[in-house]
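# Reading the structure
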Amino acid sequence: MKNYLNFETEIKDLENELEKLKDPYNQDGLSEVDTQKISSTQSEIDEKLKNIYSNLDPWQTTMVARHEDRPKSKFFIDNLFEDFISLSGDRYYGEDKSVLTGFAKFNGQSVLVIGQEKGEDLESRIERNFGMMRPEGYRKTIRLMKLANKFNIPIISFIDTPGAYPGVGAEERGQAEAIAKSIECCMELKVPTIAVIIGEGGSGGAIALASSNKVIMLENAIYSVISPEGCATILWRDPKKMLDAAKAMKLSAKDLLKLKVIDEIIKEPIGGAHRDRDLMLENLKKSLISNLEYFKELSSEDIVNERKNKFLKIGRNEGFISTTEDLSTLSVKGNNLEKIFKSKKSLIAIGAGVILLITAFFLF
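Residues numbered from 1 in each chain as written. Predicted model: local features only at pLDDT ≥ 70, side-chain atom pairs only at ≥ 80, totals over all residues. Heavy atoms only, no water.

### A closer look at the overall build of the protein
A tally of helices and strands in the protein yields 16 helices and 10 strands. Each of the 364 residues in the protein was classed as buried or not, and the buried ones make up 42%. Long-range contacts, defined here as pairs at least 24 residues apart, represent 68% of the contacts in the protein between residues at least 6 apart. (Helix = DSSP H or I, 4+ residues; strand = E, 2+ residues; numbered from the N terminus. Buried < 20%, exposed > 50% of the residue type's maximum accessible area, 1.4 Å probe, protein only. Contact = heavy atoms within 4.5 Å.)

See below:
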């Protein structure tokens, strides 16, 4: 049974009609299938999907990113990689089933695969904790990332989480420290790292694994510091203002690409990734092959510097740096204020002005 979002009512009606047209054993008994009507209805569905999905607002994009039929990390791991060997445990506390990790082959090359997994049905979602990782999950990924770094193996991460698990037990076991250590580990790796945001990229739970050389987003995925409902509750004390929050947060792939927070958008099939999983796989595979090929020309030092400079550039295009090409050391731009203070005559004039102001203050 297909699941429809609240703005897909017309699509639902048309697809129900299409199913009836395709069924020769309809209510009127055995009948001839009207292929012309089927073709025109399908064309109408495609046109409506194109119109709807080309004009999604940020809140509708959030709903698509959370769609329960959307392909999850396990689907991509099972279909993109060969010889996947799942590895478990953080060697401190236990296993976190909300994240799948292991080594595999991709296009003939060994890679480490990390995937935040929400689950496909209620039972698996409860088992996977709805994709919300605990400290042991982050410590498991740190352990394996360091192992991949040791053997010069690239890392591919699939990000899909509402955020890190906020439970008492997770906090007691050092949730914040585990996330910070994961970010630190990601930034220090000497191997290429690619993070693909396939659904929700929520808060520190996402950035802990998305501090990568390349951050790629599926067209209808989202990436934000907090959920729109959480933001609306904090700013307006009203979770119903999630549309206003979603617009202000710039969480869509298009907005984030403009801000240079992400590096690439992977186009989804019309109507979302869940409507044509095979095409989604093909588009993602092409992107991963292209990005891994790019890193083959870079040394380990180049890879580290590129990653560091990438994050230092974010939000600094209009800032106090002289160049955004190499940000290993930040230097302050020479400005008019500096020139004023370097001039002795200007300093004397400023000093005289200050003395006059103080004198006037005491006299009047």
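### Digging into the packing of aromatic side chains
Inspection of every chain in the model, using the stated rule, returns 6 aromatic pairs. Relative to Phe 158, the ring of Phe 81 lies with its centre 6.1 Å away and its plane at 75°, an arrangement referred to as edge-to-face. Of this pair, Phe 81 sits in the loop between α4 (73–80) and β3 (82–86) while Phe 158 sits in strand β6 (residues 155–161), placing them 77 residues apart in sequence. A relative accessible area of 7% places Phe 81 in the buried class. When the ring of Tyr 294 is compared with that of Phe 295, the centres are 5.2 Å apart and the planes differ by 70°; the resulting orientation is edge-to-face. Relative accessible area serves as the criterion here: at 38%, Tyr 294 is assigned to the partly exposed category. Exposure remark for Phe 295: the relative accessible area of 3% places this residue in the buried category. Following the ring pairs from residue to residue traces out a cluster consisting of Phe 75, Phe 76, Phe 81, Phe 106 and Phe 158. When the ring centre of Tyr 294 is taken as reference, the NZ or CZ atom of Lys 214 above it lies at 5.0 Å. Across the ring face of Phe 311, the terminal group of Lys 310 is positioned such that the distance to the ring centre comes to 5.4 Å. (Phe/Tyr/Trp six-rings, centres within 6.5 Å; stacked < 30°, edge-to-face > 60°. Lys NZ or Arg CZ within 6 Å of the ring centre and 35° of its normal.)

### Describing the nonpolar core
Residues Phe 76, Phe 81, Met 145, Phe 158, Leu 218 and Tyr 223 are the most contacted members of the largest nonpolar core, which totals 58 residues. In terms of residues, this core owes the most to one element, helix α13 (residues 277–295), which gives 6 residues. Aside from chain neighbours lying at most four places away, what touches Met 145 is Leu 112, Ile 114, Ile 155, Ser 182, Cys 185, Cys 186 and Leu 189. One finds Leu 18, Ile 38, Ala 232 and Met 249 within the second-largest nonpolar core, a separate group that totals 21 residues. (Core = buried A, V, L, I, M, F, W, Y, C linked by side-chain atoms within 4.5 Å.)

### Things to note about helix α1 (residues 9–22)
Here α1 spans 20 Å end to end across 14 residues, near enough to the 20 Å set by a 1.5 Å rise per residue. Within the span of α1, buried status applies to Ile 11, Leu 14, Glu 15 and Leu 18. Within α1, the buried residues cover an arc of 100° as seen down the axis, which keeps them to one side. The inward-facing, buried residues of α1 abut α2 (35–53). (Expected span 1.5 Å × (residues − 1). Arc of directions from axis to C-beta.)

### Some points on the pattern of salt bridges
Counted according to the given criterion, the structure contains 17 salt bridges. Notably, a salt bridge pairs Glu 10 with Lys 48, separated by 2.8 Å at the nearest N-O pair. Placement of the pair is Glu 10 in helix α1 and Lys 48 in helix α2, with a sequence separation of 38 residues. Owing to a relative accessible area of 47%, Glu 10 belongs among the partly exposed residues under this scheme. The residue Asp 263 makes a salt bridge to Lys 310 at a minimum N-O spacing of 2.7 Å. One end of the pair, Asp 263, is in the loop between α12 (253–258) and β10 (264–266); the other, Lys 310, is in helix α14 (residues 300–313), and 47 residues separate them in sequence. Residue classification places Asp 263 among the partly exposed residues on the basis of a relative accessible area of 31%. When its relative accessible area of 9% is taken as the criterion, Lys 310 is described as buried. Within this structure, Arg 66, Lys 118, Asp 160, Glu 200 and Glu 229 form a network of salt bridges that share partners. (Salt bridge = Lys/Arg side-chain N within 4 Å of Asp/Glu carboxyl O.)

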